[in-house]
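What the coordinates show
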There are 2 protein chains.
Amino acid sequence: MEHNPILVIGGGPAGLEAARGAAELGQPVLLVEKEPILGGTPILASYAALTPHMEDAETVMKRMVDAILEDPLVDVRPETQVTAAEGDAPEITVTLEGPKGSEQVTVGAVIVCTGFQHFDPGRETQMYGYYEYDDVITLVDAERMFKAGSFVRPSTGEAPKRVCFIQCVGSRDRQVGNCWCSKVCCGVACKEAIEIRDHLPDCQVFVFYIDMRMYGFWEDQLYWKAQEQKKVQFIRGIVTEITRRGDTVVIKGEDTTMGRPVEVPMDVVVLSIGMEPSEGSTKMAEIFQLPLESHRFIETIGAPMNTVSTTREGIYVAGAAAGPADLEDSISMAGAAVMKAAGFLRKQALVAAG
Amino acid sequence: MEHNPILVIGGGPAGLEAARGAAELGQPVLLVEKEPILGGTPILASYAALTPHMEDAETVMKRMVDAILEDPLVDVRPETQVTAAEGDAPEITVTLEGPKGSEQVTVGAVIVCTGFQHFDPGRETQMYGYYEYDDVITLVDAERMFKAGSFVRPSTGEAPKRVCFIQCVGSRDRQVGNCWCSKVCCGVACKEAIEIRDHLPDCQVFVFYIDMRMYGFWEDQLYWKAQEQKKVQFIRGIVTEITRRGDTVVIKGEDTTMGRPVEVPMDVVVLSIGMEPSEGSTKMAEIFQLPLESHRFIETIGAPMNTVSTTREGIYVAGAAAGPADLEDSISMAGAAVMKAAGFLRKQALVAAG
């Protein structure tokens, strides 16, 4: 049954999996990505090793990209954005703006895989000092250093002796308007803590947290490993202030387990920033008239027994565009969205054929 | 393209979604369920309302069952078990034992959706007193009471004045051999705590926990709601003993936030029991020669970018048979497994057609 292609928007993990899977079902796919390269956040944000298995991010993403580049059913459009959409599935006419100008294409179904953006800790500048102190960095800055091959104090270029992670920066925080848990930051911080201890055996590593959300197998794969094998120190506490004293950054707060104030000098402070709806997700919601749910992500309907359907038939969402998601969530959702999109198009074709 | 059906093993959320989705793609499905009724754990364990949206479990599951019962592509076999398997996909001959005796069927692909079983707190009898004290119950016993319409002290039949939940019973516990977090018990306990406060406004409700793993939107949907609107009291602590005094059950332990011992009488203690591999999952692993991963669930390969493939081509796993999973995980994985199974069969048919 010939029909209009499935439009996959976004070339990150969810989008690449959706494109590959749809092509395996014999569906033509149009994959648009606004950046010049495919791979999404793991590539654009220079992730080093992925959580939890620590496989090299470039290797993993290259494998996913190669799987679709070889496929004649997948039409890949880098540096291209969807700027308008008209009509309903299975006849949605979208306007694409790419390197060669503007073009209109009719697609049969849409899978929105536009992901998330990292919380900008500048919004909490006064508290965390991200833009004031070189040695206050984010999980993403740390990944960039791992990828470059050495984890150092940015202010000196030397190996740090004391590093701490501060969890829930921009998550679980009504004041900044983010009333959700970003789901992956506990796991990512644990992974990075392990990596620092591996690279710098003389460096002490601390994690300040509210709850360590190490669900499923992350519990022993990452959390127990960090504690028992790598001697990472987890401190349940609230950090209320980050200041500078001499050439160190000083964390002030309360160790809520010991019930006492803490004031500890650190060489590097890593802010575990959370997920927010990406600009791309918000734009696609507007263009395709998809309502946002209360946290400003794209709304899905029928939860918990439907994870990818939007309010519009034939339009689906996969990955962090629908809310905080780990890589497994994104990949499973991509599969579910392909199943639904292909099922929808089959039904439409049967109806059209009478 | 005509081919052997997809065998879906298990009629719970993952299995029902897999069967429906595969049929939507035009695939013939053989759905086997060992129990006489479909619906899986939400029905067999008498869940009342599902986490997090609190929709009635029977209504939700009936909708899923109806969606496949109407479908001529889905051959449903209740009271049927797979007892043997021979050959490789897309030609696996399975032996089914059903009400009418034994039968051999050739299937093209397999999706194992055999779920989990609840941890039996009897294994920790000395500590929790589940089999000694009527008023020590589990999350599942509580669901049964909600479904029956009233939450009472089992020993008296009266409304309780003080109820507490104890988290991580049979999870995160090396001593019982369960080195994982069961992922859903924090959410389910929060949901039940809210329900108790709704039904019994005079009843105080406490939750003793190590970390409240309220990832994603559960944070405000359930956790903040329980704290702020329903005044559920969350106490970070370790419970070391449950004993009886007069007609109450006494919890002894330590409030680790306040750093002091607690000894609190309760009318009802709810043990938040975790997930273990089900007997069915273990059996299917044997019959289909699927390796178990280190936690004794069915091993998947290619994580995090593949969530449903087993070591054997054409055989997939969805839901809690592969590890702790919430309903959303199970549903997304079912979709991903269908996509892969249908893609696999399409490739095989193309190869066979030359």
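Residues numbered from 1 in each chain as written. Chains lettered and ligands numbered in written order. Predicted model: local features only at pLDDT ≥ 70, side-chain atom pairs only at ≥ 80, totals over all residues. Heavy atoms only, no water.

**Structural notes on the overall build of chain A**
For chain A, the count of helices and strands is nine helices and 17 strands. Taken against the 2.2 N^0.38 rule, which gives 20 Å for 354 residues, the C-alpha radius of gyration of chain A at 22 Å falls within 12% of a compact globule. By its C-alpha atoms, chain A is 75 × 40 × 40 Å across when sized along the principal axes. Looking at chain A residue by residue over its 354 residues, the buried ones come to 64%. Put simply, of all contacts in chain A between residues at least 6 apart along the chain, 64% involve residues at least 24 apart. When the accessible area of chain A is evaluated, it comes to approximately 13600 Å², of which 49% is carbon and sulfur surface. Between the averaged position of the 32 positive side-chain charges in chain A and that of its 50 negative side-chain charges there is a distance of 4 Å. (Helix = DSSP H or I, 4+ residues; strand = E, 2+ residues; numbered from the N terminus. Rg over C-alpha atoms; globule rule 2.2 N^0.38 Å. Buried < 20%, exposed > 50% of the residue type's maximum accessible area, 1.4 Å probe, protein only. Contact = heavy atoms within 4.5 Å. Areas by Shrake-Rupley, 256 points an atom, 1.4 Å probe, with all protein chains shown as cover. Lys, Arg positive; Asp, Glu negative; His and termini not counted. Charge placed at Lys NZ, Arg CZ, Asp CG, Glu CD.)

**Section: the pattern of salt bridges**
The full count for this structure, using the stated rule, is 48 salt bridges over all chains. With a shortest N-O distance of 2.9 Å, Glu 55 of chain A and Arg 63 of chain A are connected by a salt bridge. Between Arg 172 of chain B and Glu 219 of chain A there is a salt bridge, with its nearest N and O atoms 3.0 Å apart. Separated into two different chains, Arg 172 of chain B in the loop between β10 (162-169) and α6 (185-199) and Glu 219 of chain A in helix α7 (residues 218-229) make up a pair that spans both. (Salt bridge = Lys/Arg side-chain N within 4 Å of Asp/Glu carboxyl O.)

**Things to note about the pairing of strand β15 (residues 268-273) of chain A**
By the criterion of burial, β15 of chain A is predominantly enclosed, with six of the six residues buried. Of the two faces of β15 of chain A, the one holding Val 268, Val 270 and Ser 272 of chain A and the one holding Val 269, Leu 271 and Ile 273 of chain A are both buried throughout.

**Observations concerning helix α1 (residues 13-24) of chain B**
Residues and elements named next belong to chain B. Along its twelve residues, α1 runs 17 Å from first to last C-alpha, staying within 8% of the 16 Å computed at 1.5 Å per residue. Across the twelve residues of α1, eleven count as buried, placing the element largely inside the fold. Turning to α1, its buried residues number three or more, namely Pro 13, Ala 14, Gly 15, Leu 16, Glu 17, Ala 18, Ala 19, Arg 20, Gly 21, Ala 22 and Ala 23. Two residues or fewer past α1, Gly 26 is found with a positive phi of approximately 85 degrees. (Expected span 1.5 Å × (residues − 1).)

**Focus on the sheet that holds strand β10 (residues 162-169) of chain A**
All names here are of chain A. With mixed pairing, seven strands are arranged side by side in an open sheet as β9-β15-β10-β11-β12-β13-β14. Each end of this open sheet is capped by a strand with a single partner; those strands are β9 (136-138) and β14 (260-266). Strand-to-strand twist in this sheet, taken as the mean axis angle between neighbours without regard to direction, amounts to 35 degrees. Here eight bridges tie strand β12 (residues 233-245) to strand β13 (residues 248-255), and the two strands are oriented antiparallel to one another. Counted as the bridge partner of Ile 238 is Glu 254 from β13. Contacting β9, β10 and β15, helix α5 (residues 139-148) runs over the sheet at an angle of about 85 degrees to β9. (Pairing = 2+ DSSP bridges. Axes fitted to C-alpha atoms, helices over the stretch in contact; angles between N-to-C directions.)

**Focus on the domain arrangement of chain A**
Interface extent is often summarised as the accessible area lost during association of the parts. Residue and element names in this part refer to chain A. The domain architecture assigned to chain A consists of domain 1 (6-115 + 278-352) and domain 2 (119-274). The gap between the C-alpha centroids of domain 1 and domain 2 is 32 Å. Facing 18 residues of domain 1, the contacting portion of domain 2 comprises 22 residues. At the boundary of domain 1 with domain 2, total buried surface from both sides reaches about 1700 Å², with 61% on carbon and sulfur atoms. (Domains from an automatic or database assignment. Buried area = accessible area lost by both parts, 1.4 Å probe.)

**Observations concerning the packing of α1 of chain B against helix α3 (residues 57-69) of chain B**
All names here are of chain B. With their axes 9 Å apart at the nearest point, α1 and α3 run at an angle of 30 degrees to one another. Every pair of crossing elements has a handedness; the one defined by α1 and α3 is left-handed. Along the contact surface, α1 presents Pro 13, Leu 16, Glu 17, Ala 19 and Arg 20, while α3 presents Met 61, Met 64, Val 65, Ala 67 and Ile 68. When its residues are assigned to classes, the contact of α1 with α3 shows eight nonpolar, no polar and two charged. (Left-handed = near helix turned anticlockwise from the far one by under 90°. Nonpolar A, V, L, I, M, F, W, Y, C, P; charged D, E, K, R; others polar.)

**Remarks on the nonpolar core**
Core analysis: the biggest nonpolar cluster contains 260 residues, and Phe 288 of chain A together with Phe 288 of chain B have the highest contact counts within it. Contact partners of Phe 288 of chain B, with chain neighbours within four places excluded, come to Leu 7, Ile 9, Val 82, Ala 85, Ile 92, Val 94, Val 110, Arg 312 and Ile 315 of chain B. (Core = buried A, V, L, I, M, F, W, Y, C linked by side-chain atoms within 4.5 Å.)

**Overview of the interface of chain A and chain B**
At the interface, 62 residues of chain A touch 62 residues of chain B. Summed over both sides, the interface of chain A with chain B buries roughly 5000 Å², with 60% coming from carbon and sulfur. Contact with chain B buries area across many residues of chain A, yet Phe 217, Met 305 and Met 339 of chain A alone supply 16% of it, more than any other trio. Between Arg 213 of chain A and Glu 219 of chain B there is a salt bridge whose closest N-O contact spans 2.6 Å. Applying the counting criterion to the chain A and chain B interface returns 22 residue pairs in polar contact (both at pLDDT 80 or more). (Polar contact = N/O pair within 3.5 Å; in protein donor to acceptor, adjacent residues only side chain to side chain.)

**Quick look at the packing of aromatic side chains**
Counted under the stated rule, the structure contains 14 aromatic pairs over all chains. Aromatic side chains Phe 217 of chain A and Phe 297 of chain B sit 5.8 Å apart centroid to centroid with 55 degrees between the ring planes, which places their arrangement in the tilted category. With Phe 217 of chain A in the loop between β11 (204-209) and α7 and Phe 297 of chain B in the loop between α8 (279-287) and β17 (315-317), the pair connects residues from two separate chains. Like Phe 217 of chain A, the residue Phe 297 of chain B is buried in the burial classification. Relative to Trp 218 of chain B, the ring of Tyr 215 of chain B has its centre 4.8 Å away and its plane inclined at 25 degrees; by these criteria the two rings are stacked. Both residues of the pair, Tyr 215 of chain B and Trp 218 of chain B, count as buried. A connected cluster of aromatic rings, assembled from ring pairs, spans Tyr 215 and Trp 218 of chain A together with Tyr 215 and Trp 218 of chain B. The lysine or arginine in question, Lys 183 of chain A, covers the ring of Tyr 215 of chain A, its NZ or CZ lying 5.7 Å from the ring centre. (Phe/Tyr/Trp six-rings, centres within 6.5 Å; stacked < 30°, edge-to-face > 60°. Lys NZ or Arg CZ within 6 Å of the ring centre and 35° of its normal.)

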